[in-house]
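# Summary of structural features
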Amino acid sequence: PVSQCRKGHLYCRDCKINNKIVSCRICKQTFLDAPNSALEKILSLIALPCKFGTRGCPESVFLPTRLQHETVCQFRPVNCQFQHHGCEQVFSLKDMCWHHKMCKYAHYPHENVLPNMPVRTKTKSSSESVPQPTNGLSPSTTTTLSNGNTNTECSTKSNEATAASLVT
């Protein structure tokens, strides 16, 4: 992650890209495309503080494993899971579970919760009554086969084909 100009002045590659630096600010030379492998090896031996140290992370990590640590760091900032309901809070990952318990948007009615269904009452009528569709499904018919087994058929064509193949 280190870039250098033709005269050897060093720049952090991220700083060079983010600040749109096209030539060295010291000597005005262009940058080399080749990495400075000797300097990068030296930098890999230095432990740097975690990027989330200001949020409380005490870790110092070596450059090759820094990205890995920062993606799983318990101190990295995370948006509330109820952000789409209006919560704009951002906490460290380790503190988010406490926020979710107290978030005023946590009990907001969610779209994936079914509305209150009507109460279904069972009525006893004659045993000859016609079965009614349940939950949008067709009524089923139970027949006793000649070998003593029972067969349940629905009125859908695919189930009739399956039942017919069982009988034959």
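Each value, and the rule that gives it
Residues numbered from 1 in each chain as written. Predicted model: local features only at pLDDT ≥ 70, side-chain atom pairs only at ≥ 80, totals over all residues. Heavy atoms only, no water. Helix = DSSP H or I, 4+ residues; strand = E, 2+ residues; numbered from the N terminus. Buried < 20%, exposed > 50% of the residue type's maximum accessible area, 1.4 Å probe, protein only. Areas by Shrake-Rupley, 256 points an atom, 1.4 Å probe, with all protein chains shown as cover. Core = buried A, V, L, I, M, F, W, Y, C linked by side-chain atoms within 4.5 Å. Contact = heavy atoms within 4.5 Å. pLDDT = per-residue confidence, 0-100. 1 Å grid on protein atoms, 1.4 Å probe; cavity = no way out; pocket = protein on both sides within 12 Å on 5 of 7 lines; lining within 4 Å. Points joined across faces, edges and corners; volume = space filled by probe spheres on them. Salt bridge = Lys/Arg side-chain N within 4 Å of Asp/Glu carboxyl O. Phe/Tyr/Trp six-rings, centres within 6.5 Å; stacked < 30°, edge-to-face > 60°. Lys NZ or Arg CZ within 6 Å of the ring centre and 35° of its normal.

## Brief notes about the overall build of the protein chain
- Each helix and strand counted, the protein chain has five helices and eight strands in total.
- Start at the N end of the protein chain and walk to the C end: the helices and strands fall as β-β-α-α-β-β-α-β-β-α-β-β-α.
- Out of the 168 residues in the protein chain, the part that is buried amounts to 17%.
- Taken as a whole, the protein chain presents about 13,600 Å² of accessible surface, with 55% of it coming from carbon and sulfur.

## Some details on the nonpolar core
- Grouped together as the largest cluster of nonpolar side chains are six residues: Cys-5, Tyr-11, Ile-21, Cys-24, Cys-27 and Phe-31.
- If we skip the residues at most four places from it in the chain, Cys-27 touches Cys-5, Lys-7 and His-9.

## Examining the confidence of the model for the protein chain
- For the protein chain, mean pLDDT is 75; residues scoring 70 or higher make up 65% of the total.
- Confidence drops under a pLDDT of 50 for residues 134–140, and excluding neighbours within four residues, the segment shows 11 contacts in the predicted structure.
- Confidence drops under a pLDDT of 50 for residues 152–168, and excluding neighbours within four residues, the segment shows 19 contacts in the predicted structure.

## Examining the layout of surface pockets
- Of the voids in this model, the largest pocket is the one considered here, and its volume is about 310 Å³.
- Lining the largest pocket are 13 residues, and of these Pro-1, Cys-12, Asp-14, Leu-63 and Arg-66 sit closest to its centre.
- Mapped by element, the contributors of at least two residues to the lining of the largest pocket are strand S2 (10–12), helix H1 (13–18) and helix H3 (63–72).

## Description of the pattern of salt bridges
- If you walk through the whole model with that rule in mind, you get two salt bridges.
- When the shortest N-O distance is used, the salt bridge between Glu-70 and Arg-66 registers 2.9 Å. Within this pair, Glu-70 and its partner Arg-66 are both found in helix H3, separated by four residues, close to a single helical turn.
- A relative accessible area of 12% means that Glu-70 is categorised as buried.
- Exposure remark for Arg-66: the relative accessible area of 25% places this residue in the partly exposed category.

## Quick look at the packing of aromatic side chains
- For the structure shown, the criterion picks out one aromatic pair.
- Between Tyr-11 and Phe-31, the ring centres sit 5.2 Å apart and the planes meet at 85 degrees, which makes this aromatic pair edge-to-face. Residue Tyr-11 is located in strand S2, and its partner Phe-31 is located in the loop between H1 and helix H2 (37–43); the two are separated by 20 residues in the primary sequence.
- The exposure class assigned to Tyr-11 is buried, which follows from its relative accessible area of 14%.
- Residue placement shows Lys-16 over the ring face of Phe-31; its charged tip is 4.7 Å from the ring centre.

## A short note on unusual backbone geometry
- The backbone of Lys-20 shows a phi angle near 55 degrees, a positive value even though the residue is not glycine.
- Inspection of the secondary structure puts Lys-20 in the loop between H1 and H2.
- Phi is positive for Lys-28, close to 65 degrees, though the residue is something other than glycine.
- Counting through the fold element by element, Lys-28 comes out in the loop between H1 and H2.
- Under the relative-accessibility criterion, Lys-28 is labelled exposed at 59%.

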